[in-house]
Amino acid sequence: MSSVKSTPPISENKDFYYTVNSDTARPRILVGTGQELVQYRQDTSIRIWYNDLPVDYETHWHTAMEVIMPMENWYEAIVRDESFHIVPGDIFMIPPGEMHSLKAPETGNRFVFLFDLAPFTRLHGFAGIQPLLTRPIHLTRASYPNIYDDVYQMMVQMRNEYFNKNEFSELTIYSLLLNLFVKLGTNHLDNINLFPNMRVYKQKEYVDKFNTVMDYIDSHYMDELNLDDIAASIGFSKYHFSRLFKQYTNYTFCAYITHRRIKVAEELLEQPDLSITEVALQSGFPSISTFNRVFKQAKDCTPSEYREKNNQYNRISNVKVDSP
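A.B. asks: Quick question: what am I supposed to make of the sheet that holds strand β7 (residues 100-103) here?
C.D. replies: In sheet architecture, strand pairing relies on hydrogen bonds along the backbone and comes in two forms, parallel and antiparallel. An order of β2-β7-β4-β5 is seen for the four strands of this open sheet, with the pairing classed as antiparallel. Of all the strands in the sheet, just β2 (57-60) and β5 (82-86) have a single pairing partner and so form its edges. Neighbour-to-neighbour, the strand axes of this sheet turn through a mean angle of 15 degrees, independent of strand direction. Sheet topology places strand β4 (residues 75-79) next to β7; four bridges connect them, and they run antiparallel. Looking at β7, one finds that I78 is bridged to S101.

A.B. asks: Would you mind going over the packing of helix α2 (residues 148-164) against helix α3 (residues 169-189) with me for this structure?
C.D. replies: Angle between the axes and distance between the axes are the two parameters that describe a pair of packed helices. Remark: α2 packs on α3, axes separated minimally by 9 Å, with the N-to-C direction vectors making an angle of 165 degrees. Here α2 lies roughly antiparallel to α3, going by the angle between them. Crossing handedness for the pair α2 and α3: left-handed. Side by side, α2 and α3 meet where D150, V151, M154, M155, Q157, M158, E161 and Y162 of the first sit next to S169, T172, I173, L176, L177, N179, L180 and K183 of the second. For the contact of α2 with α3, the class distribution of residues is nine nonpolar, four polar and three charged.

Cut-offs used in this document
- Residues numbered from 1 in each chain as written.
- Predicted model: local features only at pLDDT ≥ 70, side-chain atom pairs only at ≥ 80, totals over all residues.
- Heavy atoms only, no water.
- Pairing = 2+ DSSP bridges.
- Helix = DSSP H or I, 4+ residues; strand = E, 2+ residues; numbered from the N terminus.
- Axes fitted to C-alpha atoms, helices over the stretch in contact; angles between N-to-C directions.
- Parallel < 35°, antiparallel > 145°, perpendicular 65-115°, else oblique.
- Left-handed = near helix turned anticlockwise from the far one by under 90°.
- Contact = heavy atoms within 4.5 Å.
- Nonpolar A, V, L, I, M, F, W, Y, C, P; charged D, E, K, R; others polar.

Structural data, given as structure tokens:
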């Protein structure tokens, strides 16, 4: 019987993985309040790191979605004071804006994917995915048996596209990422425990109603959104609606509206031609004082400080770095 040739360890290609990312020779860029300014590959909105460092990363956050895939040995993420032990075969997703820290073993390696999700936020239907991206997702074969194999293969294909620098690699990676979100959304809708103690046909009816609500919020976040009116629009009392909304999104209605407006404000603050007042109003905040207060509570910095930090990073990023 002929022997089966084993796949060489990922670590044997470490020099290749590091060379592909040699467009940046700078260390991590951390600014006040623990924000990490993600260094995407030049002219893209993606970065995939190979990491074999036995280094812990202190509590930080960034506007990118982060996905961690250990290849050899474990990795640990702490998000919202909850610890997640990630092992080879697992896929761990950290939503944009989440404060988190990372712990590494003495030996091992993993791939870390960073994606700017701004291109997706204006797609019709993506609002229905947003509630899934408000908390970490620890994707394993046991926890997501219906989609695990497909999602894992998508992540591997993204990695291969990135490191092989294939033509249209960024477009291919984003198309795979969009497909991944569709898989997660479909799995979410098929989850019969989404609204416990309810018949399946009734659950699907409620899911449709709440997807309509999410689309409405996504299109009207800059308007005054009244809980009573939105609840009545889908035939619920505000009390029944509030309870179901929390089950569906893991947020209260008011907290989710604030969360959505903050995400919009982050994008608008990157446009230097808009004043802080214009950003506040276009994000749905009734006054500049409310905007400053709520933004500082969420990000631990004022909107002006947030803009200046991003401008500082853009100035640094525009400095040419010679590849070694």
